[in-house]
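Take a look at the letters that make up each chain.
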Amino acid sequence: MAALDGDPLHGGVLPAVYVLGMAVAMFGPALLWDRFDLGRKRWLRGRGFRAGPAALHSTSLVGGVLCIALGAAFLAFDGTSALPSVLSTDAESALEERLPDLGAAVSDRLVLLVLAAVAAPAALLVLLRPVRGPEPQPPPEEEPSVRG
């Protein structure tokens, strides 16, 4: 889509925004992970156990069960096409006709300017925040010397 648009600026911005959307979804949990030291929380680490001759881990087991459930849902509902819709067909059609007009009313450059105005200060806050080092230790108290 970006290559066929004919506008080099739009062709470069579209993939950049797409990648930014994927990266933000990973940066948020990563910041929380570091801030709250979630790597040391016992409830997130899971536990290893044996089921007969197989050595399993609870995190891998939960992830596997979720993947199997998602695959079964895709098979049962023919991807997502057989899932019931939130809106009626007429409402979806009317919405599809109105949205291009709404999108045309807002300039792409304005959207980028607003995104940059939000992202730049956030990036500066993250980059310029002071790095916390180990807290300074008070000097050891000197014991009174005993001369005798």
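All values reported here derive from a predicted model rather than from experimental measurement. (Residues numbered from 1 in each chain as written. Predicted model: local features only at pLDDT ≥ 70, side-chain atom pairs only at ≥ 80, totals over all residues. Heavy atoms only, no water.)

Undergrad: For the layout of surface pockets, give the residues involved together with the corresponding values.
TA: Of the volumes computed, that of the second largest pocket is approximately 210 Å³. In terms of lining residues, the second largest pocket is bounded by D7, L9, H10, V13, L14, V17, D108, R109, V111, L112 and L115. Here the residues of the lining of the second largest pocket sort into seven nonpolar, one polar and three charged. (1 Å grid on protein atoms, 1.4 Å probe; cavity = no way out; pocket = protein on both sides within 12 Å on 5 of 7 lines; lining within 4 Å. Points joined across faces, edges and corners; volume = space filled by probe spheres on them. Nonpolar A, V, L, I, M, F, W, Y, C, P; charged D, E, K, R; others polar.)

Undergrad: Account for the pairing of strand 1 (residues 48-51), with residues named and values stated.
TA: Sheet analysis places strand 1 next to strand 2 (residues 54-57), joined by four bridges and oriented antiparallel. Directly across from R50, in strand 2, lies its bridge partner A55. Hairpin connection from strand 1 to strand 2: two residues lie between these consecutive antiparallel strands, with G52 at a positive phi of about 70°. (Pairing = 2+ DSSP bridges. Helix = DSSP H or I, 4+ residues; strand = E, 2+ residues; numbered from the N terminus.)

Undergrad: Break down unusual backbone geometry for me, with residues and values.
TA: It is generally the case that most residues other than glycine have a negative phi and that most peptide bonds are trans. With phi around 50°, D37 is a residue other than glycine that occupies positive phi space. Relative to the assigned elements, D37 resides in the loop between helix 1 (8-35) and helix 2 (42-45). Classification of D37 by relative accessible area gives partly exposed; the value is 37%. The backbone of D78 sits at a positive phi, close to 50°, despite the residue not being glycine. Tracing the backbone through its elements, the reader meets D78 in the loop between helix 3 (58-76) and helix 4 (89-105). (Buried < 20%, exposed > 50% of the residue type's maximum accessible area, 1.4 Å probe, protein only.)

Undergrad: Give a description of the pattern of salt bridges that names residues and reports values.
TA: Under the definition given, this model contains one salt bridge. Here D37 makes a salt bridge to R40, at a shortest N to O gap of 3.4 Å. (Salt bridge = Lys/Arg side-chain N within 4 Å of Asp/Glu carboxyl O.)

Undergrad: Describe a nonpolar patch on the surface, with residues and values.
TA: On the surface, a cluster of nonpolar side chains totalling about 660 Å² of accessible area is made up of V17, V106, L110, V111, L113, V114, L115 and V118. Position of V111 relative to the elements: it lies in helix 5 (residues 108-128). Take V111: its relative accessible area is 39%, and that puts it in the partly exposed class. (Patch = residues over 30% accessible without salt bridge, like charges linked within 9 Å, V, L, I, M, F, W, Y side chains within 5 Å. Areas by Shrake-Rupley, 256 points an atom, 1.4 Å probe, with all protein chains shown as cover.)

By themselves, these figures tell us nothing about what the structure is for.
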